[in-house]
Amino acid sequence: MDIRRRNNVTVTGRENGPTLLLAHGFGCDQNMWRLVVPMLVKDFRLVLFDYVGSGRSDPSAWSEQRYSSLEGYARDVLDVCEELELREVTFVGHSVSAMVGVLAAAEAPQRFSRLVMVAPSPRYIDEDGYRGGFSADDIDELLESLESNYLGWSAAMAPVIMGNADRPELGQELTASFCATDPGMARVFARTTFLSDSREDLRTVVVPTLVLECEQDAIAPREVGAYVHEAIPGSRLVTLDATGHCPQLSAPQATAEAITGFIGVAR
């Protein structure tokens, strides 16, 4: 199989620079990184891709069985790494992809040197002693709404996820990204995302890790960032002066500077 075509792989930036592998979250594609890419290309080799079922990936490669678990998405990451013979990679994962990166690094530790977790959440549902931001009923209602009317759900939820009500164009962009995703594939990815529990997987992380959170985030509140930071020994927690769940769009310069500064410190 042609992995580059299957996952719409794009390689740009400094050929001999440190490699950053940028992974998008649910309902998105590699275009979500478009504002930080120009700030990183001078110093880094950038590898971008779309998970199967997202963006311009090959829809014929999609399998509900494979993509009903985060391990299926981690397999996409590892396939891209193997195809491009990537090693010493800094994996930059947004939202649920932060946990996908954790799984990929545990499966093939020889390929990854660092993790950058952008607005991560290992568990969205509250439990005793843990605040994920949603009750079980909240998630059930969210998934029911998504499954019954995906386009309506996208139009309602994208602005909430993006935040920044004073910049409606950002919410509109996320809405368009959601609506461009096949509803059937999106439903599977949504259930995989919002019902996952990767808290124990955090304990497998042994590489230098940056946890990037936003000052205000309706999807991953700051308690979650603190939890991830505490669960990964030696990790670095940076709180961006940003609102919403997508700082690579709402605060691209701060996001790029945090990534660059972390890699400079970690060398």
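Residues numbered from 1 in each chain as written. Predicted model: local features only at pLDDT ≥ 70, side-chain atom pairs only at ≥ 80, totals over all residues. Heavy atoms only, no water.

1. Some points on the side chain of R199
Assignment of secondary structure puts R199 in the loop between α8 (183-194) and β6 (209-216). Overall, the relative accessible area of 12% leaves R199 in the buried class. Within polar-contact distance, the side chain of R199 engages the side chain of D197 at 2.7 Å. R199 has contacts with P122, R123, E127, Y130 and Y227, leaving out every residue within four places of it along the chain. (Helix = DSSP H or I, 4+ residues; strand = E, 2+ residues; numbered from the N terminus. Buried < 20%, exposed > 50% of the residue type's maximum accessible area, 1.4 Å probe, protein only. Polar contact = N/O pair within 3.5 Å; in protein donor to acceptor, adjacent residues only side chain to side chain. Contact = heavy atoms within 4.5 Å.)

2. Structural notes on the nonpolar core
One finds L21, Y51, V77, F112, M117, L174 and F178 to be the most contacted residues of the largest nonpolar core, which totals 68 residues. It is helix α4 (residues 96-107) that contributes the most residues to this core, eight residues altogether. Among all residues touching M117, those that are not within four sequence positions of it are G93, A98, M99, V102, L202, T209, L210, V211, L212, V228 and I232. In this structure, V36, L212, C214 and F262 belong to the second largest nonpolar core, which totals 23 residues. (Core = buried A, V, L, I, M, F, W, Y, C linked by side-chain atoms within 4.5 Å.)

3. Focus on the sheet that holds strand β5 (residues 112-118)
The strand order β1-β3-β2-β4-β5-β6-β7 describes an open sheet built from seven strands, whose pairing is mixed. Each of the sheet's edge strands pairs with one partner strand only, and the pair in question is β1 (10-13) and β7 (236-243). On average, adjacent strands in this sheet sit at an angle of 20° to one another, irrespective of strand direction. In this sheet, β7 lies alongside β6 in parallel orientation, the contact comprising six bridges. Across the sheet, the residue bridging to L210 is R236, located in β7. In this fold α4 packs onto β2 (19-23), β4 (89-94) and β5, with an angle of close to 160° to the strand it touches most, β5. (Pairing = 2+ DSSP bridges. Axes fitted to C-alpha atoms, helices over the stretch in contact; angles between N-to-C directions.)

Without other data, these values stay purely geometric and don't point to any function.
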